[in-house]
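Now for the letters of each chain:
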Amino acid sequence: MKRHILVLDTTLRDGEQVPGAKLNVQQKVEFAQQLKRLQVDMIEAGFPASSQGDFQAVQEIARSVGDAVSITALARAVKSDIDAVYESIKIAQDPFIHIVLGTSNIHVDKKFNRSKEAVLQMGVDAVKYAKSLLPRVQYSTEDASRSEFEYLWQTIEAVVKAGATIINVPDTVGYAIPEEFGDLIRRINERLKNLNEDVILSVHCHNDLGLATANTLAAIKNGADKVECTINGLGERAGNTSLEEVVMGLKVRENSYHCSTKIKTTELMRTSRLLTYLTGLDVQVNKAITGENAFAHSSGIHQDGLLKDKQVYEILSPEEVGAESMELILTARSGRHAFRNAVEKIGFETSDSADFEALFEKFLALADAKKEVYDHDVYYLVANHRTHEAASGHLYELISFQVVTNDLYPTATVKMNKGTEVFKGSAVGDGPIDALYSVIKSLVGLDVQLKDYKINSLSRGKEAIGRVNIRIEHHGKTYAGRAMDTDIIKASAMAFLNGINAALLDTANECPNPLKR
Ligand code: KIV
Ligand code: ZN
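The present account deals with the structure reproduced in this document. Here the structure is a predicted model, which is why all the values come from computation and not from measurement.

Sheet analysis places strand β11 (residues 396-404) next to strand β12 (residues 411-418), joined by 8 bridges and oriented antiparallel. The residue bridging F401 from the neighbouring strand is V414, located in β12. Alignment of β12 against strand β13 (residues 421-428), held across 8 bridges, turns out to be antiparallel. Paired with T413 across the bridge in β13 is S426. Linkage of β12 to β13, two consecutive antiparallel strands, is achieved through a turn of 2 residues, within which G419 is found at a positive phi near 60 degrees.

Considering the arrangement of structural elements, one finds N232 in the loop between β9 (226-229) and α9 (243-252). Exposure remark for N232: the relative accessible area of 16% places this residue in the buried category. N232 sits 176 residues away from L408 along the chain, and the two C-alpha atoms are 45 Å apart. Sequence-distant contacts of N232, defined by excluding residues within four places in its chain, comprise E244, S272, L275, T276, V283, K287 and T290. A distance of 2.7 Å separates a polar atom in the side chain of N232 from a polar atom in the side chain of S272.

Here we come to unusual backbone geometry. At Q39, a residue that is not glycine, the phi angle is positive and equals roughly 70 degrees. Assignment of secondary structure puts Q39 in the loop between α1 (25-38) and β3 (42-44). The exposure class of Q39 is partly exposed, given its relative accessible area of 34%. Located in the positive-phi region is H475, a residue other than glycine, with phi close to 50 degrees. Note on placement: H475 falls in the loop between β15 (465-474) and β16 (477-485).

Under the counting rule described, the total for this entry stands at 10 aromatic pairs. With a centroid separation of 6.4 Å and an interplanar angle of 20 degrees, the aromatic rings of F356 and F360 are classed as stacked. One end of the pair, F356, and the other, F360, are both in helix α14 (residues 353-370), 4 residues apart, so they sit about a helical turn from each other. You can call F360 buried: its relative accessible area is 4%. Clustering of aromatic rings is evident, with ring pairs tying together F339, F356, F360 and F363. A cation over an aromatic ring shows up here: K116 above the ring of Y151, its NZ or CZ 5.0 Å from the ring centre.

Ranked by size, the top nonpolar core spans 113 residues in total, and within it I43, I99, I167, V169 and F339 carry the most contacts. Of the residues forming this core, the biggest block, 9 residues, is contributed by helix α6 (residues 149-162). Setting aside chain neighbours within four positions, we find V169 in contact with T141, A144, F181, L184, I185, I188, L201, S202, V203 and H204. Membership of the second largest hydrophobic core comes to 28 residues, among which are V439, A493, A495 and L497.

Turning to the sheet that holds strand β4 (residues 70-76), a few remarks are in order. The parallel closed barrel is built from 8 strands, whose spatial order is β2-β3-β4-β5-β6-β7-β8-β9. Strand-to-strand twist in this sheet, taken as the mean axis angle between neighbours without regard to direction, amounts to 25 degrees. Direction of pairing for strand β6 (residues 137-142) relative to strand β7 (residues 166-171): parallel, over a ladder of 3 bridges. Note that in β7 the partner of Y139 across the bridge is I167. Contacting β5 (96-102) and β6, helix α4 (residues 105-112) crosses the sheet at an angle of about 85 degrees to β5.

The subject of this paragraph is helix α3 (residues 79-89). When we look at burial in α3, the residues that qualify are D81, I82, A84, V85, S88 and I89. Looking straight down α3, one finds its buried side chains confined to an arc of 160 degrees; they lie on one side. Looking at the packing, one finds that the buried side of α3 touches α2 (52-65), β4, β5 and α5 (116-131).

Okay, the packing of α3 against α5 next. One way to put it is that α3 packs onto α5 with a least axis distance of 10 Å and a crossing angle of 30 degrees. Taken together, the axes of α3 and α5 are roughly parallel relative to one another. Considering only the axes of α3 and α5, their crossing is right-handed. Counting all contacts with α3, which are made through K79, I82 and D83, the residues of α5 involved are A126, Y129 and A130. For the contact of α3 with α5, the class distribution of residues is 4 nonpolar, no polar and 2 charged.

On the surface, a nonpolar cluster with roughly 360 Å² of combined accessible area is contributed by L408, Y409 and V428. Inspection of the secondary structure puts Y409 in the loop between β11 and β12. You can call Y409 exposed: its relative accessible area is 56%.

Within the first shell, the zinc ion (ligand 2) binds the protein through D14 (OD), H204 (NE2) and H206 (NE2), at distances of 2.0 to 2.1 Å. Positions of the donor residues of the zinc ion (ligand 2), expressed as sequence spacing, correspond to D-x189-H-x1-H. For the pair formed by H204 and H206, the shared burial category is buried.

Rules of the game
Residues numbered from 1 in each chain as written. Chains lettered and ligands numbered in written order. Predicted model: local features only at pLDDT ≥ 70, side-chain atom pairs only at ≥ 80, totals over all residues. Heavy atoms only, no water. Pairing = 2+ DSSP bridges. Helix = DSSP H or I, 4+ residues; strand = E, 2+ residues; numbered from the N terminus. Buried < 20%, exposed > 50% of the residue type's maximum accessible area, 1.4 Å probe, protein only. Contact = heavy atoms within 4.5 Å. Polar contact = N/O pair within 3.5 Å; in protein donor to acceptor, adjacent residues only side chain to side chain. Phe/Tyr/Trp six-rings, centres within 6.5 Å; stacked < 30°, edge-to-face > 60°. Lys NZ or Arg CZ within 6 Å of the ring centre and 35° of its normal. Core = buried A, V, L, I, M, F, W, Y, C linked by side-chain atoms within 4.5 Å. Axes fitted to C-alpha atoms, helices over the stretch in contact; angles between N-to-C directions. Arc of directions from axis to C-beta. Parallel < 35°, antiparallel > 145°, perpendicular 65-115°, else oblique. Left-handed = near helix turned anticlockwise from the far one by under 90°. Nonpolar A, V, L, I, M, F, W, Y, C, P; charged D, E, K, R; others polar. Patch = residues over 30% accessible without salt bridge, like charges linked within 9 Å, V, L, I, M, F, W, Y side chains within 5 Å. Areas by Shrake-Rupley, 256 points an atom, 1.4 Å probe, with all protein chains shown as cover. Salt bridge = Lys/Arg side-chain N within 4 Å of Asp/Glu carboxyl O. Donors = N, O, S within 2.8 Å, 3.2 Å for Na, K, Ca; no water.

See below:
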């Protein structure tokens, strides 16, 4: 008989911790709606005690998709974190609290500087408190793969007796190897089934040795019933387990795993692309399942074999993961139906008809100007429209600019708006971009440092489009800004302003919290 594996997506919590991958509330809700279409079982929506913005995002996600997807959020083993999780997710239909506490000697000694017994008791108290708020509680034994087995088990036994309903075993630092991790899960599973067979055994792996998918699959083989993953493997350092790889691994090799998930695999590519658009973090071209080349065959021998029969070189079809004919070029004549289809295809909602009409008007203006409109144009159109709608009057908009470059005094002049306020100024710099960024910085009056500036050419269609990705630092946090235009100087200015707007939106949502990590 096939076992059902529960899939928890933690892109919006563990994935979003990546510097520069920070999303605003509206982007997070947009992504959560796509996760609902993907049919994940559970969404870890954030770490609400970390900031007011995170709290609000978790609450909005619980409100918008909590009717169909189980929602959780992360808490350390302290009352105030647990309260923040409870308050932010309680509106969802099937919410649960996720508590994390280390079990390895390194964590117990170095992080907490307490005895093992005291740390264990903190975990038990936290579970008991969480249980007084909600019936379902997940407990993560952080750094489990480097923990002494008997202490790890002692902790699991105690928190299960205190009421934990899911035990999550993380390979926090990506140290595990498949045989060893599989064996660890087998040993825990054997004891857990004797202790309380209703408790769900879950795993959460990191990819520091490139083994997160292999470790997760080994854990499933050895009894894990739930997996924690992120789209595109996004996450701390080398990332988390890639959801698409585990799901397709189970599907393609069902003969070996005898397991299935509820994931609608034809939504995988769309979800991956949406995340790329939202974060600006590209997927490596040869990434399994969602990379640009994942279904491309270039060698003559392979092409010849495929033409004879696809199965010669294809173990899964692009159609299964929704990768077939992803892109459709739109023009001013495309009409509402085609435009709606393109907006939905990249993962955005179109159910609000007034909002859709406003978008369609913007699309027509863009199509008139550009003639051919691609997916990335549609993405920027929708993303800018939604961000500006959500925060109209609070964000900067570029009105006009002029850059004069020479080897003596490269100079930039900029005019921009924020609501009804108009800002104008000029500055000299080491080069044209430096001059442009200097004047913008002086106009917004914020202490921002440019950390990274990248420009790529997207040479499709008639025009060569420049895509600019920047990263800025503001008050110790990194924000990304992106823009595309046929004019690379304009794209550079807009990307910088988008980064500044991201920092402003975040600061507006932030409130100092003593528990912040
Ligand atoms: O990597 C980790 O240990 C985590 C836990 C919170 C599950 O992210
Ligand atoms: Zn993690």
